[in-house]
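Summary of structural features
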Amino acid sequence: MNKADLKKIIVSQKEEKQPIEYIERDLTGQDLASQDPFIRIIAGIRRCGKSTLMEHIRQQRKENDYVINFDDNRLTRFTASDFEKLFEAFHELYEPQKTWYFDEIQIIDGWEKFVRRLHNEGHKIFITGSNATMLSMELGSSLTGRYIQTALFPFSFYEYLKLKNIPFHTTSIYSGKETTNIRKAFSDYLIRGGFPEYLITENSNFLKTLYENIVFRDVVVRYNIRNTKAVLEMVHFLVSNISREISYNTLKNILNISNAASVKEYIGYFENSYLLFTLNKFDFSRKKQIANPKKIYVIDTGLANAVSFQFSENFGRQLENLVYIELRRRNKEIFFHRGKFECDFLCMERGKVIEAIQVTRSVDDASVLKREINGLTEAMNMHGLSEGKIITDDEEGELQQNNMVIKIMPAWKWLLTRNHQA
């Protein structure tokens, strides 16, 4: 590309920026705007608020002119060899600065060499990206020890309440009116999800369009997939069967895909785009963890509801998916337990399981309560835990079971715990 065209794009992108409605993100303990020397990476699915967060950081800093979004059709011919011209273009347009802001830079092959050079010369760099592998490969090979990565998800329930201006606090005591308002908001959040633009605009086509962009642009086109029909059927099947166990061989047979290796590869592409996540069954053997069936979760319940007729009908699976994403948001290392019984989530820290969690709509039914307790206590016994948790729609209490404490807690209250403990 020539420098004159780059200048036009830089200026026009800056002019196109609109004043942002910023909701403070739930990033406890992470000061992204600090003066530390690290490259700051903000990674996550498309439209979860990465660019808005970076724009908020940019507006807080004195040096804020060197900003460019590579997810722009005018930059389709941009290659790594054009970075030097980009560097010159910024310096010719604006006063010399030591701070850079790059949106979706992983689109450009070889970007890490330019960023490493800037960093070596003492520049501060902020980057957003929406492909896990494309970021991690370059970061691991060229920028080890030079960056801090922050995972950004769609809005948490905490952020959702702030967006909707619904009063709440983070203690365990709520008035009747507060509880009613928060419960109503939680029901809406579970159905609509947390994508900021969708919540603000209420555009009914937003989530379906986003889903299609991820499937086609981030997976089919990016990985040059020829068997498009199989990939479309697979991702729709997975989004419609959230929180259920799957095996690559079973999917191969159901979807008539040639081999299990292809299924694994396709799922990996969707994980890279942050649309889907796989959860391993806990095993002390890493080899067995990899070989065992997985459970599948989706980034956002609202997105799943928009593209799957089946998913919205199963409240329990929505609730489990919501808890899984919140655990990820809290940077937990998670597994599921399956022995004679099942426990939904095991949270591990420093090589040791520290918490067991069950998720169910209600424990009002005696048979359901027994099932949840059996799975929970089996997991607790295996890992030497004295306390476990059952997260429900709206029930609360505490049980004693063979010297173990089982706390029952409504999901809306658990989601608002601000100490970020599971």
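Above this note sits the structure.
To start, this report covers the structure provided alongside it. (Residues numbered from 1 in each chain as written. Predicted model: local features only at pLDDT ≥ 70, side-chain atom pairs only at ≥ 80, totals over all residues. Heavy atoms only, no water.)

1. Concerning the environment of Lys 229
If you trace the backbone, Lys 229 turns up in helix α10 (residues 228-239). Linking Lys 229 and Lys 332, residues 103 residues apart in sequence, is a C-alpha distance of 35 Å. (Helix = DSSP H or I, 4+ residues; strand = E, 2+ residues; numbered from the N terminus.)

2. What to know about the sheet that holds strand β2 (residues 67-69)
The strand order across the open sheet built from five strands is β2-β3-β4-β1-β5, with neighbouring strands paired in parallel fashion. Single-partner strands in this sheet number two, and they are β2 and β5 (147-151). Ignoring which end each strand starts from, the neighbouring axes of this sheet average 15° apart. The pairing of strand β1 (residues 39-43) with strand β4 (residues 124-129) spans four bridges and is parallel. Bridging across to β4, Arg 40 finds its partner in Phe 126. Along the sheet, helix α2 (residues 50-60) makes contact with β1, β2, β3 (99-103) and β4, crossing β4 at roughly 165°. (Pairing = 2+ DSSP bridges. Axes fitted to C-alpha atoms, helices over the stretch in contact; angles between N-to-C directions. Contact = heavy atoms within 4.5 Å.)

3. Examining the state of the cysteines
Evaluated as defined, the whole model comprises zero disulfides. Here Cys 343 stays unpaired: no disulfide links it, and the sulfur of Cys 347, its closest cysteine neighbor, is 9.1 Å away. We classify Cys 347 as buried; its relative accessible area is 1%. (Disulfide = S-S within 2.5 Å. Buried < 20%, exposed > 50% of the residue type's maximum accessible area, 1.4 Å probe, protein only.)

4. Let's talk about the side chain of Glu 378
The topology assignment puts Glu 378 in helix α16 (residues 366-383). No salt bridge is formed by the buried Glu 378, whose closest oppositely charged neighbour, Lys 340, lies at an N-O distance of 6.9 Å. Side-chain polar atoms of Glu 378 contact the side chain of His 337, separated by 2.7 Å. Aside from chain neighbours lying at most four places away, what touches Glu 378 is His 337, Gly 339, Lys 340 and Phe 341. (Lys, Arg positive; Asp, Glu negative; His and termini not counted. Salt bridge = Lys/Arg side-chain N within 4 Å of Asp/Glu carboxyl O. Polar contact = N/O pair within 3.5 Å; in protein donor to acceptor, adjacent residues only side chain to side chain.)

5. Thoughts on helix α9 (residues 206-221)
Every α-helix winds through 3.6 residues per turn, so residues three or four apart in the chain are directed the same way. Looking only at α9, the buried set comprises Phe 206, Leu 207, Leu 210, Tyr 211, Ile 214, Val 215, Asp 218, Val 219 and Val 220. Looking at the buried positions of α9, the neighbouring elements they touch are α7 (176-192), α8 (196-201), α10, α12 (260-272) and α14 (301-307).

6. Notes on the layout of surface pockets
One number sums up the size of the largest pocket: a volume of about 1,200 Å³. Considering the residues around the largest pocket, the lining is formed by 37 residues, among which Arg 47, Ser 51, Thr 52, Asp 103 and Glu 197 are closest to the centre. Listed by contribution, the elements that provide at least two residues to the lining of the largest pocket are α1 (3-16), α2, β2, β3, α8 and α9. When the residues that make up the lining of the largest pocket are grouped by side-chain class, the tally is 13 nonpolar, eight polar and 16 charged. (1 Å grid on protein atoms, 1.4 Å probe; cavity = no way out; pocket = protein on both sides within 12 Å on 5 of 7 lines; lining within 4 Å. Points joined across faces, edges and corners; volume = space filled by probe spheres on them. Nonpolar A, V, L, I, M, F, W, Y, C, P; charged D, E, K, R; others polar.)

7. Details of the sheet that holds strand β6 (residues 245-246)
Here three strands make up an open sheet; going across it, the order is β6-β8-β7 and the pairing antiparallel. Each of the sheet's edge strands pairs with one partner strand only, and the pair in question is β6 and β7 (276-280). The pairing of β6 with strand β8 (residues 294-298) spans two bridges and is classified as antiparallel. Looking at β8, one finds that Glu 245 is bridged to Lys 295. Against the sheet, helix α15 (residues 315-329) touches β7 and β8, its axis set at about 85° to β8.

8. Comments concerning unusual backbone geometry
Unlike most non-glycine residues, Glu 104 shows phi in positive territory, near 55°. Within the fold, Glu 104 resides in the loop between β3 and α4 (111-120). Although it is not a glycine, Asn 331 sits at a positive phi angle of roughly 60°. One can find Asn 331 in the loop between α15 and β9 (333-338). For Asn 331, a relative accessible area of 61% gives the class exposed.

9. Quick look at the nonpolar core
If you look at soluble globular proteins, the nonpolar side chains tend to sit buried side by side. Ranked by internal contacts, the top residues of the largest apolar core, which has 90 residues, are Phe 157, Phe 195, Phe 270, Leu 275, Leu 276, Ile 299 and Phe 345. Ranked by residues supplied to this core, first place goes to α9 with eight residues. Excluding anything up to four places from it in sequence, Leu 275 contacts Ile 45, Tyr 211, Ile 214, Val 235, Phe 270, Tyr 297, Val 298, Ile 299 and Leu 303. The next biggest cluster of nonpolar side chains, apart from the first, holds 29 residues, and it includes Tyr 66, Phe 102, Ile 108 and Leu 118. (Core = buried A, V, L, I, M, F, W, Y, C linked by side-chain atoms within 4.5 Å.)

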